[in-house]
Amino acid sequence: LMTMACLATPHVQHWIPTRSRRNAANLAQAPNVVVRVSDVMVDQVSNKYKGNTSGVHSTDKPSRGFNCPAQHNAGSCGDSRQCWSSAVAHVSYHLH
């Protein structure tokens, strides 16, 4: 159903965070979808999933991949659209 909704809205770029690796590949086939499989733990060093991923880093650990700027923008994305870009392998969000 999610894939059908994404295909029915081709003018919208969808970003779908999930912990379900099983469904990620099917969802990611839609041209206007970026699926990010989430790390299981905070400050996780790597993710075995071979597609786009996301995770959470704490204040005392450096992030890996793209560091989400929302913590510096009152919780807002601001101009950043990295989560929606399949070219960005990993997005790391600051623990809050």
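Residues numbered from 1 in each chain as written. Predicted model: local features only at pLDDT ≥ 70, side-chain atom pairs only at ≥ 80, totals over all residues. Heavy atoms only, no water.

This brings us to the confidence of the model for the chain. Overall, the predicted model of the chain reaches an average pLDDT of 91, with 100% of residues at or above 70. Per-element confidence in the chain is highest for strand β2 (residues 33–38), whose mean pLDDT is 95, and lowest for helix α2 (residues 21–28), whose mean pLDDT is 85. (pLDDT = per-residue confidence, 0-100. Helix = DSSP H or I, 4+ residues; strand = E, 2+ residues; numbered from the N terminus.)

Take serine 85: it is sitting in the loop between β4 (66–67) and β5 (90–94). Looking at serine 85, the relative accessible area reads 23%, which means it is partly exposed. Between the C-alpha atoms of serine 85 and lysine 61, which are 24 residues apart in sequence, the distance is 24 Å. Excluding its chain neighbours within four sequence positions, the residues that come into contact with serine 85 are Val34, Arg36 and Asn52. (Buried < 20%, exposed > 50% of the residue type's maximum accessible area, 1.4 Å probe, protein only. Contact = heavy atoms within 4.5 Å.)

So, on to the nonpolar core. Judged by nonpolar contacts, Cys6, Ile16, Ala24, Leu27, Ala30, Val33, Val35, Val37 and Tyr49 together constitute the single largest core of 9 residues. Elements represented by at least two residues in this core include exactly α2 and β2. Among the elements that line this core, the one with the most residues is β2, at 3 residues. Residue contacts for valine 37: discarding those within four places in its chain leaves Thr18, Arg21, Ala24, Asn47, Tyr49, Asn52, Thr53 and Ser54. With 6 residues, the next largest nonpolar core counts Cys68, Ala70, Val91 and Tyr93 among its residues. (Core = buried A, V, L, I, M, F, W, Y, C linked by side-chain atoms within 4.5 Å.)

For the rest of this paragraph, the subject is the sheet that holds β5. Judged by pairing direction, the sheet is parallel, and its 5 strands sit side by side in the order β1-β2-β3-β5-β4 without closing on themselves. Each having just a single partner strand, β1 (14–18) and β4 make up the two edges of the open sheet. In this structure, β4 lies alongside β5, joined through 2 bridges in parallel fashion. Each residue of the ladder has a partner; that of phenylalanine 66, found in β5, is valine 91. Contacting β1 and β2, α2 crosses the sheet at an angle of about 165° to β2. (Pairing = 2+ DSSP bridges. Axes fitted to C-alpha atoms, helices over the stretch in contact; angles between N-to-C directions.)

The next thing to look at is unusual backbone geometry. The backbone of aspartate 43 shows a phi angle near 65°, a positive value even though the residue is not glycine. When you line up the elements, aspartate 43 lands in the loop between β2 and β3 (53–57). On the basis of relative accessible area, aspartate 43 is assigned to the partly exposed category, the value being 25%. Although it is not a glycine, alanine 74 sits at a positive phi angle of roughly 55°. Looking at the secondary structure, you find alanine 74 in the loop between β4 and β5.

Turning our attention to the pattern of salt bridges. Counting across every chain of the model gives 1 salt bridge. Arginine 64 serves as the salt-bridge partner of aspartate 39, at 2.9 Å between the closest nitrogen and oxygen. Of this pair, aspartate 39 sits in the loop between β2 and β3 while arginine 64 sits in the loop between β3 and β4, and the two are 25 residues apart along the sequence. A residue is classified by how much of its surface remains accessible, and aspartate 39, at 8% relative accessible area, is buried. (Salt bridge = Lys/Arg side-chain N within 4 Å of Asp/Glu carboxyl O.)

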